[in-house]
Amino acid sequence: MSDILFGNKNTKSDYGFIVAPYIIPMPAVQTSFVDIPGHDGMLDLTEGFGLVRYSNRAIALTLYAVAPYEQMVSVFVNDVHGERMKLTFDRDASFFYVGRVSVGGIEKHDGYCTITVNVNAEPYKYKQAETAVTRMGSGSVTLTNLRMPVVPEVTASAEATLVYQCGGVPTTTVVAPGTHFVPTLLLETGKKLVQITTAGEVVFTYREGAL
């Protein structure tokens, strides 16, 4: 039997609901194809901006409540309907989804009711724990990332020079003490090597996302 966290409330322990089997669909790829007169086939511009982009996921859920259910159903509806929130599924508990929750309807039967819930969720699921990579003094670090492109937060205790590849071109960025976002330090799928020159500590913090 499955449990789902809506925010920090559990379908079983907080509401007493039973979760029906569900499917979390893959997000649709935002494709772009163009017909070229006089040529066979179509021109694929899906990666015209450098990265593949995805549409939101539509997650449909069915919950069951047994009598007496009126009070708990009312609490649940007021907690989640129309809210943008974090959802954690116990079968994939190291990740969470973010989306707008809508209660579609409540179908009442003898002794129980059926609650339909729809979630317009962002395409990526996110790791519960942020990734943090720390380097003390000069040297190098390897930043490993899942599928979602992300720019890490860079926190330096002293001025630091960072050297890394951006679009296949060696790039140098100097950051002052403090916390910064460096747009050219984009992490895509896989590993990125960053060379660091500093007398202090540099911490890279980011949240990874997967499909």
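Notes on the structure follow.

Definitions and cut-offs
Residues numbered from 1 in each chain as written. Predicted model: local features only at pLDDT ≥ 70, side-chain atom pairs only at ≥ 80, totals over all residues. Heavy atoms only, no water. Helix = DSSP H or I, 4+ residues; strand = E, 2+ residues; numbered from the N terminus. Rg over C-alpha atoms; globule rule 2.2 N^0.38 Å. Buried < 20%, exposed > 50% of the residue type's maximum accessible area, 1.4 Å probe, protein only. Contact = heavy atoms within 4.5 Å. Areas by Shrake-Rupley, 256 points an atom, 1.4 Å probe, with all protein chains shown as cover. Lys, Arg positive; Asp, Glu negative; His and termini not counted. Charge placed at Lys NZ, Arg CZ, Asp CG, Glu CD. Salt bridge = Lys/Arg side-chain N within 4 Å of Asp/Glu carboxyl O. Pairing = 2+ DSSP bridges. Axes fitted to C-alpha atoms, helices over the stretch in contact; angles between N-to-C directions.

## Brief notes about the overall build of the protein
When helices and strands are tallied, the protein shows one helix and 19 strands. Whereas a compact globule of 211 residues would reach a radius of gyration of roughly 17 Å, the protein reaches 23 Å, over 25% beyond that. Viewed in the frame of its principal axes, the protein has a C-alpha envelope of about 70 × 60 × 25 Å. Scored against the burial criterion, the 211 residues of the protein give a buried share of 37%. Partitioning the intrachain contacts of the protein with sequence separation of at least 6 by distance along the chain shows that 69% fall at a separation of at least 24. Within the structure as shown, the protein displays about 11,600 Å² of accessible surface, and the carbon and sulfur contribution to it stands at 54%. The averaged location of the 20 negative side-chain charges in the protein is 4 Å from the averaged location of its 16 positive side-chain charges.

## Some remarks on unusual backbone geometry
Looking along the chain, the bond that leaves A67 and enters P68 is cis, with omega of -5 degrees. You can see P68 is positioned in the loop between β6 (57–66) and α1 (70–80).

## What to know about the pattern of salt bridges
In the structure shown here, the tally under the stated rule is four salt bridges. Note that D79 is salt-bridged to K9, the shortest N-O span being 3.1 Å. With D79 in helix α1 and K9 in strand β2 (residues 9–10), the pair connects residues that are 70 residues apart, well separated along the chain. D79 gets classed as partly exposed once you look at its relative accessible area, which sits at 26%. E122 is the partner of R84 in a salt bridge, and the nearest nitrogen-oxygen pair spans 2.1 Å. Placement of R84 in strand β7 (residues 84–89) and of E122 in the loop between β9 (112–121) and β10 (125–127) is noted, with a sequence separation of 38 residues between them. Overall, the relative accessible area of 47% leaves R84 in the partly exposed class.

## Examining the environment of E201
Mapped onto the fold, E201 is located in strand β18 (residues 201–206). Taking relative accessible area as the criterion, E201 reaches 30% and is therefore assigned partly exposed. Along the sequence, E201 and M136 sit 65 residues apart, while their C-alpha atoms lie 4.3 Å from each other. With residues near it in sequence (within four places) discarded, E201 still touches T134, R135, M136, T155, A156 and S157.

## Some remarks on the sheet that holds strand β13 (residues 153–156)
Spatial ordering of the open sheet is given by β11-β18-β13-β16, a layout of four strands whose pairing is antiparallel. Each end of this open sheet is capped by a strand with a single partner; those strands are β11 (131–136) and β16 (178–181). The average angle at which neighbouring strand axes cross in this sheet is 20 degrees, direction not considered. Pairing analysis gives four bridges linking β13 to β16, with the strands arranged antiparallel. By the bridge assignment, A156 is partnered in β16 with G178.

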